[in-house]
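The primary structure of each chain is shown beneath.
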Amino acid sequence: MAWKAIDRNTPVVGADAEPALSEAVREKIRSFFDRYETKRAVLLPALHVVQDALGHVSWQAMVEVAALLELPPSDVIDTASFYTQYWTHPKGRKVITVCRSLTCEVMGGPAVLAEIKKQLGIGEHETTPDGNYSLMTEECLAGCDHGPCMLINEKMHKCVKPADVAKILADPDNDRIDSERSDLFDAPRMTGDAARKAPPPG
Amino acid sequence: MADSFEPVLLRNVGVENSTALKVYESRGGYRAVRQALKQTPGEITEEVKKANLRGRGGAGFPAGVKWGFLPPNRTVTLLCVNGDESEPPTFSNRVLMEKDPHQLIEGVIIAAYATQARIAYIYLRGEFHEQFHILQKAIDEAYVAGYLGKRVFGGDYSLECYIHRGAGAYVCGEETGLIESIEGKRGCPRIKPPFPAVEGVFHRPTVVNNVETISCIPHIIERGAEWFAGVGPQHSTGPKLFCISGPVNKPGCYEAAMDITVRELIEREDMGGGMQPARKVKAVFPGGVSMGVLTADELDMKMDFDDPQHYGLLGLGTAAAVVIDQDTDIRIVLRNVARFFGTESCGQCTQCREGTAWMYKIASRIADGAGRIEDLDILLDTARNMGMMPGLSICGLPDGATYPIETIVKKFRSELEDAIRAQPDGRVESAMSAVN
Ligand SMILES: Cc1cc2nc3c(=O)[nH]c(=O)nc-3n(C[C@H](O)[C@H](O)[C@H](O)COP(=O)(O)O)c2cc1C
Ligand code: SF4
Ligand code: FES
């Protein structure tokens, strides 16, 4: 029986660590404050903003988000770790998420997953040495009519066959989506307070 | 007649540029909301009650009645739209949001006005990326047009509408899990009562409704409660979306009255279009996996709110059917379903956390060719001892885990026993892992 000693005296993130969040990221997080009654409720959007900007949510970023939302860091880490789509460690430039739920499994998803693993030479939750791809699986992506399906970053690939995998991976635009992006902030809004105090209808 | 059914919820699907506000308006959109804003909130709630619009999110609770539970002397109400859609194999909310986002927004405005909410949160699962961009674009358009924000349509009523994005957790679809998630916490469901109508987001009275439920509202206002109540069987009224996936010719999302059978959904030319060549039905999960399974002999089940119970199922659920074909080993299905609930339990309740995890371990053992005959009874025993039905859990997730496991084991017992007896060569390949 060998106990592995864990060093609990050195903080995971040192006080002198480089700040992770740029002022632009902080400002974007603050722009959500109006939408909710508590600062804590901004946590999910904040983690999305961080992950969009940094590619993952590092410990240092979580500590800074905690300060911004006036929460103990443990609360941020606790919440972030509950959700599978917040990544606490760096991922590749493109993240492939293969659906593993029922329709996709019976329609041939496992063979697609096996082909991706073979082509990239990595397993689930691994990243290629060149940092281009990470691979993961996720429950039903709500694309079952086109199963087996998978996401590459935001882009959904439908009815994927093992024979298509090489072509998809070789396409530099395999994560490009055509939908126009809203920048979220261009519409005029009341502040949250005004919304709550607006005259009752009817 | 079901054959002459003219789509209502899906009427804009396939129309060019259907997500644009001007296209939606040119097809009669945003008329209902103008009409609704001239009525009182109470009148609208009455209308929705009369239509007997039952919730499309799974439980089938009447929407108007739910709104009626809001305390009369409240100051602030919140509306949450449940777009978490994570039940395999359900994708009807996705279709509504990516093809006709303005229909949803119009429904949101009417529902928010009727419940006197000033803020509406649309909870969108994290994996919906394109749908997020489409819906947010539509919301922006509605703001610019003055349909959202201060003084909606130039009247006295003001409403803010925000999308709140989840990040991968099935249990956030449960209404109190969703509320916790909006508050920035783990999506762990709350003990009820208090129900959300009394104490929801930020302790405020809150209504949670599914995307499809909300999308029905404009049509109830425009065509009237009598029209809605006249579509389909008496207790299952209104147009309904049905999903079909698996080895059929035309998997997709179709609209019909709730008098169609599972067989019609699979075989009708304007729906599933029959099985692919050389494929035969072995089993169907007609309402999302958590409602349980039907055998090929049970396809005459009606897809309404009452008939599924006659077949040992939990309910209509999300009305999303997946067909399992004859050549699929039932052990793969068992393992896949057990894995889903084992990894998605939030872990608060011992019976659910341990029960779903053990069912997954046992199902894996069976699929790995190391199962024992008595494992089948252990599965049944575990299934009977968790969930809200025996009163052992906070939310309905373990009931959703119980029904598929129980119905698979009971209805396909001889196949499972044969496979177990035929070991050790019985290992089923193609496992997908459960790492997250
Ligand atoms: C584990 C679990 C997951 C659920 N997931 C969803 C979901 O993804 N979408 C949904 O609309 N309802 C879901 N529900 C049902 C909701 O709790 C709630 O009944 C529904 O959103 C109410 O809306 P409705 O009355 O309009 O159907 C889920 C329930 C449970 C127990
Ligand atoms: S029943 Fe399961 S999912 Fe629901 S609250 Fe309890 S542990 Fe969580
Ligand atoms: S089962 Fe794969 S997308 Fe639904």
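Thresholds applied
- Residues numbered from 1 in each chain as written.
- Chains lettered and ligands numbered in written order.
- Predicted model: local features only at pLDDT ≥ 70, side-chain atom pairs only at ≥ 80, totals over all residues.
- Heavy atoms only, no water.
- Pairing = 2+ DSSP bridges.
- Helix = DSSP H or I, 4+ residues; strand = E, 2+ residues; numbered from the N terminus.
- Contact = heavy atoms within 4.5 Å.
- Buried area = accessible area lost by both parts, 1.4 Å probe.
- Salt bridge = Lys/Arg side-chain N within 4 Å of Asp/Glu carboxyl O.
- Polar contact = N/O pair within 3.5 Å; in protein donor to acceptor, adjacent residues only side chain to side chain.
- Buried < 20%, exposed > 50% of the residue type's maximum accessible area, 1.4 Å probe, protein only.
- Axes fitted to C-alpha atoms, helices over the stretch in contact; angles between N-to-C directions.
- Right-handed = clockwise from strand over helix to strand, strands pointing away.
- Core = buried A, V, L, I, M, F, W, Y, C linked by side-chain atoms within 4.5 Å.
- Expected span 1.5 Å × (residues − 1).
- Phe/Tyr/Trp six-rings, centres within 6.5 Å; stacked < 30°, edge-to-face > 60°.
- Near = heavy atom within 4 Å.
- Areas by Shrake-Rupley, 256 points an atom, 1.4 Å probe, with all protein chains shown as cover.
- Nonpolar A, V, L, I, M, F, W, Y, C, P; charged D, E, K, R; others polar.

Q: Please clarify how the sheet that holds strand E6 (residues 252-256) of chain B should be interpreted in this entry.
A: In any sheet, the strands associate via hydrogen bonds between backbone groups, in a parallel or an antiparallel arrangement. Residue and element names in this part refer to chain B. In space, the five strands of this open sheet follow the order E6-E5-E9-E7-E8, with mixed pairing throughout. Among the strands making up the open sheet, the edge pair consists of E6 and strand E8 (294-295). Bridge count for strand E7 (residues 281-285) against strand E9 (residues 320-325) is four bridges, and the pairing is antiparallel. For valine 281, the partnering residue across the bridge sits in E9 and is aspartate 325.

Q: Explanation requested: the interface of chain A and chain B in the structure shown.
A: In many reports, interface size means the accessible area that the parts give up when they come together. Each partner contributes residues to the interface: chain A has 65 residues there, and chain B has 83 residues. Of the roughly 6200 Å² buried at the junction of chain A and chain B (both faces included), carbon and sulfur atoms supply 58%. The interface formed by chain A and chain B contains four salt bridges. Linking Arg339(B) and Glu139(A) is a salt bridge whose minimum nitrogen-to-oxygen distance equals 3.0 Å. Where chain A meets chain B, there are 26 residue pairs in polar contact (both at pLDDT 80 or more). Elements represented by at least two residues in the side of chain A that touches chain B include exactly helix H2 (43-54), helix H4 (73-82), helix H5 (102-106), helix H6 (109-120), strand E3 (133-138) and helix H8 (192-197) of chain A.

Q: Would you explain the pattern of salt bridges in this entry?
A: Two side chains of opposite charge can pair, provided their charged atoms sit close to one another. Going through the model one piece at a time under the given rule, you end up with 46 salt bridges over all chains. Note that Glu70(A) is salt-bridged to Lys39(A), the shortest N-O span being 2.8 Å. With Glu70(A) in the loop between helix H3 (59-68) and H4 and Lys39(A) in the loop between helix H1 (23-30) and H2, this pair connects stretches of sequence that are 31 residues apart. Judged by its relative accessible area of 61%, Glu70(A) is exposed. In this structure, the salt-bridge partner of Arg268(B) is Asp270(B), at a minimum N-O distance of 2.9 Å. Exposure remark for Arg268(B): the relative accessible area of 13% places this residue in the buried category. Of the residues examined, Asp270(B) reaches a relative accessible area of 42% and is grouped as partly exposed.

Q: Sorry if this is basic, but what is going on with helix H9 (residues 211-223) of chain B here?
A: Because each turn of an α-helix spans 3.6 residues, side chains separated by three or four positions in sequence point in the same direction. Residue and element names in this part refer to chain B. H9 sits mainly inside the fold: 11 of its 13 residues count as buried. The set of residues buried in H9 consists of Val211, Glu212, Thr213, Ile214, Ser215, Cys216, Ile217, Pro218, His219, Ile220 and Ile221. At the N-terminal boundary of H9, the capping side chain belongs to asparagine 210, with an oxygen 2.7 Å from the backbone nitrogen of glutamate 212. Positive backbone phi, at 95 degrees, marks glycine 224, one or two positions downstream of H9.

Q: Whenever I open this one, the sheet that holds strand E4 (residues 206-210) of chain B confuses me. Can you help?
A: All names here are of chain B. In space, the four strands of this open sheet follow the order E3-E2-E1-E4, with parallel pairing throughout. Of all the strands in the sheet, just strand E3 (160-165) and E4 have a single pairing partner and so form its edges. The average undirected angle you get between the axes of adjacent strands in this sheet is 20 degrees. Relative to E4, strand E1 (residues 77-83) is paired through five bridges, and the arrangement is parallel. For cysteine 80, the partnering residue across the bridge sits in E4 and is valine 208. Against the sheet, helix H6 (residues 101-115) touches E1, strand E2 (117-124), E3 and E4, its axis set at about 150 degrees to E1. Helix H8 (residues 175-182) rests against E1, E2, E3 and E4 of the sheet, and its axis sits at about 100 degrees to E2.

Q: How should I be thinking about the pairing of E3(B) in this particular structure?
A: Across a regular strand the side chains alternate sides, sitting on one face of the sheet and then on the other. Residues and elements named next belong to chain B. The buried count for E3 comes to six of six residues, which makes it a mostly enclosed element. Covered by surrounding structure in E3 are Glu160, Tyr162 and His164 together with Cys161, Ile163 and Arg165, the residues of both alternating faces. Taken together, E2, helix H7 (residues 130-144) and E3 constitute a β-α-β crossover, and its handedness is right-handed.

Q: Got a minute to help me understand the nonpolar core in this structure?
A: Inside soluble globular proteins, nonpolar side chains tend to come together where they are buried. Grouped together as the largest cluster of nonpolar side chains are 147 residues, with contacts concentrated most on Ile29(A) and Phe285(B). No other element matches the nine residues that H6(B) contributes to this core. Setting aside chain neighbours within four positions, we find Phe285(B) in contact with Leu102(A), Gly292(B), Val293(B), Ala320(B), Ala321(B), Val322(B), Ile324(B), Val333(B), Val337(B), Pro404(B) and Ile408(B). Membership of the second largest hydrophobic core comes to 24 residues, among which are Met271(B), Val284(B), Leu299(B) and Met301(B).

Q: So what exactly am I meant to see when it comes to the pairing of E6(B) here?
A: All names here are of chain B. Among the five residues of E6, five are classified as buried, and the element is accordingly described as predominantly covered. The alternating pattern of E6 places Gly252, Tyr254 and Ala256 on one face and Cys253 and Glu255 on the opposite face, and all of these are buried. Pairing between strand E5 (residues 240-245) and E6: five bridges, direction antiparallel. Bridge assignment links cysteine 243 to a residue of E6, and that residue is cysteine 253. Linking E5 to E6, which pair antiparallel, is a turn of six residues; within it glycine 246 sits at a positive phi near 105 degrees.

Q: What am I meant to see in helix H15 (residues 397-411) of chain B here?
A: Residues and elements named next belong to chain B. Over its 15 residues, H15 runs 22 Å from end to end, which matches the ideal 21 Å to within 8%, given 1.5 Å per residue. Buried residues dominate H15, accounting for 12 of its 15 residues. Of all the positions in H15, only Leu397, Pro398, Asp399, Gly400, Ala401, Thr402, Pro404, Ile405, Glu406, Thr407, Ile408 and Val409 are classed as buried. Among the structural elements, E7, helix H12 (330-344), helix H13 (350-367), helix H14 (373-384) and helix H16 (413-421) are those in contact with the buried residues of H15.

Q: Explain the side chain of Ser179(A) here, please?
A: You can see Ser179(A) is positioned in the loop between helix H7 (165-170) and H8. A polar side-chain atom of Ser179(A) sits 3.4 Å from a polar atom in the side chain of Glu130(B). Ser179(A) has contacts with Glu130(B), His133(B) and Ile134(B), leaving out every residue within four places of it along the chain.

Q: What is the right way to look at the packing of aromatic side chains in this model?
A: Two descriptors summarise a pair of aromatic rings, namely the distance from one centre to the other and the angle between the planes of the rings. Residues and elements named next belong to chain B. Tallying each qualifying case throughout the model produces 14 aromatic pairs over all chains. Summarising the aromatic geometry, the rings of tyrosine 147 and phenylalanine 153 are spaced 4.3 Å apart at their centres and angled 15 degrees between planes, so their arrangement reads as stacked. Using a relative accessible area of 9% as the deciding quantity, one classes tyrosine 147 as buried. By relative accessible area, phenylalanine 153 is classed as partly exposed at 23%. By the ring-pair criterion, three or more aromatic residues cluster together here, those being Tyr24, Tyr30, Tyr147 and Phe153.

Q: Is there a simple way to explain the site of ligand 1 in this structure?
A: All names here are of chain B. In the neighbourhood of ligand 1, 18 residues make up the surrounding shell, with Gly57, Asn82, Asn209, Asn210 and Thr213 lying closest. Within the backbone of glycine 57, a nitrogen or oxygen atom sits 2.7 Å from an oxygen atom of ligand 1. Note that an oxygen atom of ligand 1 is positioned 3.0 Å from one of the backbone N or O atoms of glutamate 175. Contact with the protein chains covers 88% of the free accessible surface of ligand 1, which is 610 Å². Per element, the largest residue contribution to the shell around ligand 1 is three residues, and it comes from E4. The residue makeup of the shell around ligand 1, split by class, is three nonpolar, nine polar and six charged.

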